[in-house]
Number of protein chains: 2
Amino acid sequence: MSKKIRIAVDAMGGDYAPTEVVHGAVDAIKEHDNITVILVGDRDAIKKELAQYEYHQEQIEIVHTTEVITCEEAPVEAIRKKKDSSLIVALKMVKKGEADAVISAGSTGAVLVGGQVIAGKIRGIKRAPLATVIPTMKGVSLLIDCGANVDARADHLVQFAQMGSIYMESVIGIKNPKVSLVNIGAEEAKGNALVKEVYPKLKELDTINFTGNIEPRDIFAGETNVVLCEAFVGNVILKLAEGLSGTLIGAIKDGMMSSTRTKIGGLLVKPALKDTLKMFDASEYGGAPLLGLNGLVVKMHGNSKAKEVRIAIGQCVTFMEQGINDKIRDQLGRK
Amino acid sequence: MSKKIRIAVDAMGGDYAPTEVVHGAVDAIKEHDNITVILVGDRDAIKKELAQYEYHQEQIEIVHTTEVITCEEAPVEAIRKKKDSSLIVALKMVKKGEADAVISAGSTGAVLVGGQVIAGKIRGIKRAPLATVIPTMKGVSLLIDCGANVDARADHLVQFAQMGSIYMESVIGIKNPKVSLVNIGAEEAKGNALVKEVYPKLKELDTINFTGNIEPRDIFAGETNVVLCEAFVGNVILKLAEGLSGTLIGAIKDGMMSSTRTKIGGLLVKPALKDTLKMFDASEYGGAPLLGLNGLVVKMHGNSKAKEVRIAIGQCVTFMEQGINDKIRDQLGRK
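Below, the structure is looked at part by part. Note that the structure is predicted; figures quoted are calculated from it, not measured.

1. Considering the packing of aromatic side chains
- Under the definition given, this model contains four aromatic pairs over all chains.
- Ring geometry for Tyr167(B) against Phe319(B): centres 6.2 Å apart, planes inclined by 45°, an arrangement best described as tilted. Of this pair, Tyr167(B) sits in helix 6 (residues 154-172) while Phe319(B) sits in helix 11 (residues 306-321), and the two are 152 residues apart along the sequence. Accessibility assignment for this pair places Tyr167(B) and Phe319(B) in one class, buried.
- In this structure, Lys305(A) is placed above the aromatic ring of Tyr16(A), and the distance from its NZ or CZ to the ring centre is 4.6 Å.

So this is what it looks like as structure tokens:
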């Protein structure tokens, strides 16, 4: 039998930790008999949650820690000070080869900084981008970098394009994915200094299927598979889309509650509306991976529940089974 | 009687030129007896349109031109070559003091470049930002810079903040408007090098009501009045919002057409839905002004019709009556 995939889970990170995190871990091992989940956090709290379930005990380990990094703390300082926090201990396990992947729904800043600093980058990778699957009219796209490296350089973005392409093909399963550069015009000559420098470099690459610029208005229409941008722009896209969808849907719901007539109409369209909105739910695709690291670090939403934890663990399994890091090393690593 | 406000209108720019442009101009002079509209473009085509209306003839002038800049042309080259285009001739009228303002629904690039190069900037203004009114849950906000100056510097953004504040207060009528900096986190220490440099400079200004960072998810909730960012990010915000709203609303409409039940429900909620979507229509506020110029240059949507042209002319009138450029000179101009 082949060696088991070892996934360290930050049991203390997120709004519903440890309850939902432990629940998701138990569900995940039932789906994957080739994995061991290491729950990192307060032993007593974890044991109390585990006591509710029946599961193969040899698939779950507990590593006891005494500290938790909160979202309110400055990430760099928290990482330096809280050596015995669940996140840092989990990341160190990846660093030491004791785990293949880490998932956390805790502080985004601490995951991003800790991922790069503690887990460490693959030799030859300059920066580790955060990628996330976004829903579109035609399925899903990968938005990369959606928040890890502000003020990135052109050569960083070129690597992000390659890593994003590998991830989209091997983990999400889209063959020869289209890679496009976010720009404020369709033509090559458009944009700021960064994108003008990146564009010709992407055109030269024969390892990706570069299709040119994508204008922001076309992103959610699903015109491309990998949406490439630097982290400030990527984070604006991600957060604006979340905020605007919420605002629009809220306004539409309010409109439907405005009279008896619209309330009746609203009841009739409600199931269809629900189905429509489900189309725009990308949570089936797991959390946001930080790519280019030794091992894999996945950042989940702070409000993740058992289902999202289970899916994120499955995402780590696919990542490992597909040998993503070997592919990144082959294409981008320094030999 | 005070001197009339002279507004040059690019009669050949936009999808519905000259028909709708001329129509809008005629409607505008009926609302404002203190203006003269100069229709710049092909004389015969303009006269043919004008022949359909009754109006005070002394309020309309025609300046004949023989060329038109299309949206397909590279702006810089088009401006250099097409000296007798409607847009260039109109902009030169502002430069020479023969007109107070220009409105155009033509090529955005040509309007932006031509505005800065031909109309010219107020002494002391480093860059002329493009501002646009965006709809929010609480009314409207001003997004500035939404597309004119990529790779702007911190001192440019500081001027944009001041000009945006003046415009919002005097043209849109929001007293002591809140000004916020688009950032990917709420805290001062967040963001890229540019926003980190801009933030303390804005905090020091006593001419604006700076409220700190605004995260993209809160923009359309209407948390602030002036949404400040550099042009690449601003254009991403504008275009993404347009694209995503369209995508979402399209999907919801499709959902409502999916069965007899939902079709009936859809009919019942349709008027309310229409009202809701009208909330998100900022066309009542005119076109996008390019601020900090000698005179005023307003870029309208390419698909503008008579109503939008009429409103944009009214916007120029308010701009002039409120003495915006004097206010900008007082606060920002080099003495």
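2. Here we look at helix 5 (residues 108-119) of chain A
- For helix 5 of chain A, the full list of buried residues reads Ala110(A), Val111(A), Leu112(A), Gly114(A), Gly115(A), Gln116(A), Ile118(A) and Ala119(A).
- Each element contacted by the buried residues of helix 5 of chain A is listed here: helix 3 (75-81), helix 4 (86-95), strand 4 (101-104), strand 10 (288-290) and strand 11 (296-299) of chain A.

3. Concerning the interface of chain B and chain A
- Counting from both sides, the interface comprises 49 residues of chain B and, opposite them, 50 residues of chain A.
- Summed over both sides, the interface between chain B and chain A buries roughly 4500 Å², with carbon and sulfur atoms accounting for 78% of that surface.
- On inspection of chain B and its partner chain A, the count reaches two salt bridges.
- Seen at the junction of chain B and chain A, the total is eight residue pairs in polar contact (both at pLDDT 80 or more).

4. Thoughts on the pairing of strand 5 (residues 131-136) of chain A
Residue and element names in this part refer to chain A.
- Strand 5 sits mainly inside the fold: six of its six residues count as buried.
- Every second residue of strand 5 is oriented toward a common face, with Ala131, Val133 and Pro135 on one face and Thr132, Ile134 and Thr136 on the other, all of them buried.
- Hairpin connection, strand 5 to strand 6 (residues 139-144): the antiparallel pair is bridged by two residues.

5. With respect to the environment of Lys196(A)
Residues and elements named next belong to chain A.
- Following the sequence through the fold, Lys196 ends up in helix 7 (residues 193-204).
- Spatially, the C-alpha atom of Lys196 lies 9.4 Å from that of Asn183, the residues being 13 residues apart in sequence.
- Ignoring any residue separated from it by four or fewer positions in sequence, one finds Lys196 in contact with Ala189, Lys190 and Gly191.

6. What about the sheet that holds strand 6 of chain A?
Residue and element names in this part refer to chain A.
- Taken together, the five strands give an open sheet; going across it, the order is 5-6-9-7-8, and neighbouring strands pair in mixed fashion. The sheet is open, and its two edges are formed by strand 5 and strand 8 (209-214), each paired on a single side. On average, each strand axis in the sheet is inclined to that of its neighbour by 30°, with strand direction left out of account.
- Looking at chain direction, strand 7 (residues 178-182) and strand 8 are connected through five bridges and run parallel. In the sheet register, Val182 faces strand 8, and the bridge partner there is Ile214.

7. Focus: the nonpolar core
- Within the largest apolar cluster, 222 residues are counted, with the highest numbers of intra-cluster contacts made by Leu39(A), Ile237(A), Ile313(A), Leu39(B), Ile237(B) and Ile313(B).
- For Ile237(B), the residues in contact, after removing those within four places along its chain, are Val236(A), Leu240(A), Leu143(B), Val182(B), Ile219(B), Phe220(B) and Cys229(B).
- One finds Ile252(A), Leu273(A), Val269(B) and Leu273(B) within the second-largest nonpolar core, a separate group that totals eight residues.

8. Observations concerning the pattern of salt bridges
- Under the counting rule described, the total for this entry stands at 22 salt bridges over all chains.
- Its salt-bridge partner being Glu188(A), residue Lys203(A) comes within 2.9 Å of it at the nearest N-O pair. In this pair, Lys203(A) is assigned in helix 7 and Glu188(A) in the loop between strand 7 and helix 7, connecting sequence segments 15 residues apart.
- Glu188(A) sits in the partly exposed class, given a relative accessible area of 33%.
- The salt bridge partner of Glu242(B) is Arg217(A), with a shortest N-O separation of 2.8 Å. Note that Glu242(B) is positioned in helix 9 (residues 231-256) and Arg217(A) in helix 8 (residues 216-219), a pairing that runs across two chains.
- On the accessibility criterion, Glu242(B) (32% relative accessible area) is partly exposed.

9. Looking at the packing of helix 4 of chain A against helix 5 of chain A
Residue and element names in this part refer to chain A.
- Between helix 4 and helix 5, whose axes approach to 9 Å, the crossing angle comes to 35°. Once helix 4 is placed against helix 5, the crossing between them reads as right-handed. Residues Leu87, Ile88, Leu91, Lys92, Val94 and Lys95 of helix 4 form the contact with helix 5, whose own contacting residues are Ala110, Val111, Gly114, Gly115, Ile118 and Ala119.
- Considered class by class, the residues forming the contact of helix 4 with helix 5 number eight nonpolar, two polar and two charged.

10. Structural notes on the relation of the copies chain B and chain A
- With an RMSD of 0.1 Å, chain B superimposes on chain A once it is rotated by 180° and translated 0.0 Å along the axis. One copy is carried onto the other by what is essentially a two-fold rotation axis. Within chain B, the C-alpha atom positioned nearest to the axis of rotation is that of Gly265(B), 1.9 Å from it.
- A shared interface surface links the copies, since 100% of the contact residues of chain B are contact residues in chain A too.

Thresholds applied
- Residues numbered from 1 in each chain as written.
- Chains lettered and ligands numbered in written order.
- Predicted model: local features only at pLDDT ≥ 70, side-chain atom pairs only at ≥ 80, totals over all residues.
- Heavy atoms only, no water.
- Phe/Tyr/Trp six-rings, centres within 6.5 Å; stacked < 30°, edge-to-face > 60°.
- Helix = DSSP H or I, 4+ residues; strand = E, 2+ residues; numbered from the N terminus.
- Buried < 20%, exposed > 50% of the residue type's maximum accessible area, 1.4 Å probe, protein only.
- Lys NZ or Arg CZ within 6 Å of the ring centre and 35° of its normal.
- Contact = heavy atoms within 4.5 Å.
- Buried area = accessible area lost by both parts, 1.4 Å probe.
- Salt bridge = Lys/Arg side-chain N within 4 Å of Asp/Glu carboxyl O.
- Polar contact = N/O pair within 3.5 Å; in protein donor to acceptor, adjacent residues only side chain to side chain.
- Pairing = 2+ DSSP bridges.
- Axes fitted to C-alpha atoms, helices over the stretch in contact; angles between N-to-C directions.
- Core = buried A, V, L, I, M, F, W, Y, C linked by side-chain atoms within 4.5 Å.
- Left-handed = near helix turned anticlockwise from the far one by under 90°.
- Nonpolar A, V, L, I, M, F, W, Y, C, P; charged D, E, K, R; others polar.
- Least-squares fit on C-alpha atoms with pLDDT ≥ 70 in both.

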